[in-house]
Amino acid sequence: MKESKTKAYLALNYQAFLDIKNSGEFNMYNCNRVFRIAHAFHNLALSMMEDFVGFNEESFWSNINELERDFGLVHYRKLFEKTVQAKS
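Residues numbered from 1 in each chain as written. Predicted model: local features only at pLDDT ≥ 70, side-chain atom pairs only at ≥ 80, totals over all residues. Heavy atoms only, no water.

Moving on to unusual backbone geometry. Backbone geometry places Asp-51, a non-glycine residue, at a positive phi of 55 degrees. The exposure class of Asp-51 is exposed, given its relative accessible area of 64%. A positive phi angle, near 65 degrees, is found at Phe-52, a position not held by glycine. Mapped onto the fold, Phe-52 is located in the loop between helix 2 (28–49) and helix 3 (57–71). (Buried < 20%, exposed > 50% of the residue type's maximum accessible area, 1.4 Å probe, protein only. Helix = DSSP H or I, 4+ residues; strand = E, 2+ residues; numbered from the N terminus.)

Two numbers describe how helix 2 lies on helix 3: the axes approach to 9 Å, and their chain directions differ by 165 degrees. Between helix 2 and helix 3, the interaxial angle falls into the category roughly antiparallel. Relative to helix 3, the crossing made by helix 2 is left-handed. Counting all contacts with helix 2, which are made through Tyr-29, Asn-32, Arg-33, Arg-36, Ile-37, Ala-40, Phe-41 and Leu-44, the residues of helix 3 involved are Phe-60, Asn-63, Ile-64, Glu-66, Leu-67, Asp-70 and Phe-71. Taken together, the residues of the contact of helix 2 with helix 3 break down into nine nonpolar, two polar and four charged. (Axes fitted to C-alpha atoms, helices over the stretch in contact; angles between N-to-C directions. Parallel < 35°, antiparallel > 145°, perpendicular 65-115°, else oblique. Left-handed = near helix turned anticlockwise from the far one by under 90°. Contact = heavy atoms within 4.5 Å. Nonpolar A, V, L, I, M, F, W, Y, C, P; charged D, E, K, R; others polar.)

On to the packing of aromatic side chains, then. Scanning the entire structure with this criterion turns up 12 aromatic pairs. By the ring-pair criterion, three or more aromatic residues cluster together here, those being Tyr-9, Phe-41, Phe-52, Phe-55, Phe-60, Trp-61, Tyr-76 and Phe-80. (Phe/Tyr/Trp six-rings, centres within 6.5 Å; stacked < 30°, edge-to-face > 60°.)

For the structure on display, the rule yields five salt bridges. In this structure, Glu-57 engages Lys-5 in a salt bridge whose closest nitrogen and oxygen atoms are separated by 2.8 Å. With Glu-57 in helix 3 and Lys-5 in helix 1 (residues 3–21), this residue pair connects regions lying 52 residues apart in the sequence. On the basis of relative accessibility, which here comes to 26%, the residue Glu-57 falls in the partly exposed class. Note on Lys-5: relative accessible area 24%, which makes it partly exposed. For Arg-36, the salt bridge goes to Glu-66, with nearest N and O atoms at 3.8 Å. Taken as a pair, Arg-36 in helix 2 and Glu-66 in helix 3 lie far apart in primary sequence, 30 residues in all. According to the relative accessible area criterion, Glu-66 is partly exposed, its value standing at 29%. Connected through salt bridges with shared partners, the residues Arg-36, Glu-66, Arg-69 and Asp-70 form a single ionic network. (Salt bridge = Lys/Arg side-chain N within 4 Å of Asp/Glu carboxyl O.)

Looking at the element boundaries, Ser-47 is found in helix 2. On the accessibility criterion, Ser-47 (8% relative accessible area) is buried. Dropping the residues within four chain positions of it, Ser-47 is found in contact with Phe-52, Val-53 and Phe-55.

Okay, here's the thing in structure tokens:
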């Protein structure tokens, strides 16, 4: 995987942790949102540890598409694209 994409995935993982940390009030909506963010990013963290061996980008972005659709979380894709462009 290109270094620019590796850096972009690192930035996404960090952003996901920030989103979980700053998720706000403890209620069913936020619990579901936080759970879904954690679910979308847990395999990414493992893949980063293993230098992206076996990482399925299509599956990852499918999960991100669901976050966009269900919670309006479009900032992950924007952050990824911005980081890739900055590192290219």
